[in-house]
Amino acid sequence: MSEPCASALARHRLLEAIWRNPAGWGRLAVVNHTTVGLRFIVTAGVFFLIGGILSMLIRTQLATPENPFMGPATYNQVFTMHGTIMMFLFAIPLIEGIALYLLPKLLGARDLAFPRLSAFGYWCYLFGGTMLLVSMVLGVAPDSGWFMYTPLSSRAFTPGINADFWLLGITFVEVSAICAAVEFTVTVLKVRTGGMSLDRMPLMAWYLLVTALMMVAGFPPLILGSILLELERAFDWPFFDPTRGGSPLLWQHLFWLFGHPEVYIIFLPAAGALSTMIPVFAGRPIVGYVWIVCAIIALAFLSFGLWVHHMFTVGIPHLALAFFSAASVLVAVPTAVQIFAWLATLASGRPRMTVPMLYVFGFFVVFVAGGLTGVMVAVVPFNWQVHDTHFIVAHLHYVLVGGFVLPIMGATYYWLPQITGRLPVHGRGRVAFWLVFIGFNITFMVMHWTGLLGMPRRVHTYAAGLGWDLPNLISSMGSFLMTMGFALFVIDIILQLRYGRPFRRNPWGAGTLDWAIPTPPTAYAFASLPKVSGRDPLHDDPTLPARIAAGEGYLACPRSGRMETLGVAMATGEPDQVIILPGPSYLPILNAASLGVFFVCFLLGLYWYALVGLGLTLVVTLFWLWSNGLDHDPQPQAIGYGETAIAHPASPEAPGWWGMVFTLVADGVLFSSLAFGLLFLWVAAPDWPPSLMQQPDWLLAGLAGLGLAAAALASRAASRVPGGLMLGLSALASLVAVAVLAWLALALGHSATSHAQAAATTALVVYALIHALIGLAGAGFVMARHRAGFVSPLRNLEPRVLWLWQGYTAATGLIALAMVTGLPSAMTG
């Protein structure tokens, strides 16, 4: 084990001096995962309260027939904002906050892979969410539903900026989600403590890893759809206009390619909390660890094959209906595997009926009921009968409240002592549970009945005498009872922050590393990083918390004031690098503010000023990147237990390399969605092929492709032997590609409003142009870094990352150019 460099108290003081958050205005520069995670959680809680108030307005309006409480315009804004807040500003950000707070503690790390990226994501979330709240205050909130179906959300039917607030605000928020997805994926795979192989990770880490990968693949289609619809609204590019070769169904495909996986993205972290709490309160290890991991992965894959079951009534071919109906039923299997594993754990243990366990049993009742109605709506004939009725509203809430809200409320009571250092007092918590549970079931169980009686969703009133009066009144009464429960839950949490009973460590007797650190947690989490040999380190060695506090672990002695944590081999968990983490910085908030300038200017139609915002974002990003790295070749250093590792800028498996890999995976999904859009319109939209086909010049397209390929080859050579010549050639080739692609985009853009084929062709060329521009900036940046001494044959991380980008840009650029030059001939051939 490592030689203690000081006493435990001296070590704490030294680590605290290195890791502590700045005070005053410096709080805006905080990047520590604990603080940023709590900011996400608290902000998501505020949005939940706002969304809950909106839901009460909805239930007040529907309590009686022909209620004058709200007019149709106001009601449309209220129900749109309720769904938008709950899905985009509460559920996903709350998951991000929980993962930010817990992941390093579960994995035995001091922080995440990219702390500044986490802070940047928070500010994007806050600014994007604030845009949507401002729209509500100004009376121009989105009013086309949280799903924004076209043509209702198109300029012809929503001429104001209501829809633009949604499209730009949600895209701003989704930037945060993509940042979080990349952050969590790289952290789980590379930033763990020594000995924590993949098969020794806590199940919560597995759930969050799969969730992050689903976000990487699931969010880009929505981002693309929002961009295309905003381009149609701003510049009249007719992607969704059937009179000019577009199709409203393209929006539905892009939205639900995101929308259905999102249900499981929301469910899986809550299921991870269940897999964490149930063994603790059952007093035995989880049953079927491997089965659960396999079920999580299977659920993730299947979730991407279900999106069309939201579109059964739009005229899907019968063979597709059969396929997606079967897939919708099949997804119940991996979910059932997890439920039976949890039940087996409880049955073979001795459960303690704490408040968290009340919420666990509430989950079983509510979520299983929601799953059963999910199987019902997967059957096409039944789906046709209840589609767009209150039955679907009830099913949605049984799945989301049962599968997410109830488990997370239980998890709040479970992890609250870890956050506050105080034990909960359970009297109020039990009352709050029963109010929520009973009120919820009164509200939404009756809503199944209302739906079966034929009441459509998204209507602001209804006539008396249709049989809907009594069930709507009962639902509204139940909703107010449920609201009382949520209010009592919030009051209980606030009171426990002040009056909860102090304790030392691990009050529940858990086996995971999050209970091995002081509570409330210190900024650095672990005084030294433990070496683990099993899935429940605290059960394997009850003295582990004391030993790591005494410095008997990895990285016990801080070096040169640096913030350090371990990087490990992905599969085995053996240490392979020391990750040097960045300290507090104003760059994340400045970057988010610069991006905010772009979104706000675009919203207001100030498009040239929006380009200024993008320019500011690029400048701040370059400053951000310049602050990283080493200007000298590091030597392997002792890390403890007689082992050595090298600093991450010299490691071939550095987090930055993997971060670029998963960023490009998300980018690739976006490009694939764009290519799918063009092919879908070709096959399914009216008026194809158009009478006047837009096709770029073959010679110019070939020259652009040659420039992209040359830039990639030169950057590949520079990644192997870093040098100014190859980097310069990569920059020059990128410059050629940028110039030619810009010429093509301008030439095609003049006719982009004439037909969807011209718009899609221009969009593909612009996609290639944007990536070539970034490649040009990247090549110039790495050249400057090389000249400044930050790049060497050993420290070649930045040239290797550049090669990844340039290679991807060449591959997608060549595909895009082949599509825009070859498809017109195929269409007319």
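To start, this report covers the structure provided alongside it. Here the structure is a predicted model, which is why all the values come from computation and not from measurement.

Residues Thr-150 and Pro-151 are joined by a peptide bond in cis, for which omega reads 5°. Counting through the fold element by element, Pro-151 comes out in the loop between α4 (115-137) and α5 (162-190). In this structure, Pro-689 follows Trp-688 across a cis peptide bond, with omega equal to -5°. Looking at the element boundaries, Pro-689 is found in the loop between α20 (655-684) and α21 (698-720). Positive phi values are uncommon outside glycine, yet Asn-506 reaches one of about 50°. Structurally, the position occupied by Asn-506 is in the loop between β2 (501-502) and α16 (537-540). In this structure, Asp-687 takes a positive phi of about 60° despite not being glycine. Counting through the fold element by element, Asp-687 comes out in the loop between α20 and α21.

Quick look at the packing of helix α22 (residues 724-749) against helix α23 (residues 756-787) now. At a minimum axis separation of 8 Å, α22 and α23 run at an interaxial angle of 155°. As the angle between them shows, α22 and α23 are arranged roughly antiparallel. Once α22 is placed against α23, the crossing between them reads as left-handed. Across the contact of α22 with α23, the residue classes break down as 20 nonpolar, nine polar and no charged.

Where strands meet in a sheet, backbone hydrogen bonds hold them as pairs that are either parallel or antiparallel. Read from one edge to the other, the open sheet built from four strands follows the order β3-β4-β6-β5, with strand pairing classed as mixed. If you trace the sheet from one side to the other, it starts and ends with β3 (563-568) and β5 (637-640), each paired once. For this sheet the average axis-to-axis angle between neighbouring strands, irrespective of direction, equals 45°. Across six bridges, β3 lies against strand β4 (residues 575-581) in antiparallel orientation. Considered in β4, the bridge of Glu-564 is made with Ile-580.

Rules and cut-offs
- Residues numbered from 1 in each chain as written.
- Predicted model: local features only at pLDDT ≥ 70, side-chain atom pairs only at ≥ 80, totals over all residues.
- Heavy atoms only, no water.
- Helix = DSSP H or I, 4+ residues; strand = E, 2+ residues; numbered from the N terminus.
- Axes fitted to C-alpha atoms, helices over the stretch in contact; angles between N-to-C directions.
- Parallel < 35°, antiparallel > 145°, perpendicular 65-115°, else oblique.
- Left-handed = near helix turned anticlockwise from the far one by under 90°.
- Nonpolar A, V, L, I, M, F, W, Y, C, P; charged D, E, K, R; others polar.
- Pairing = 2+ DSSP bridges.

Purely spatial values, then, with no claim about function.
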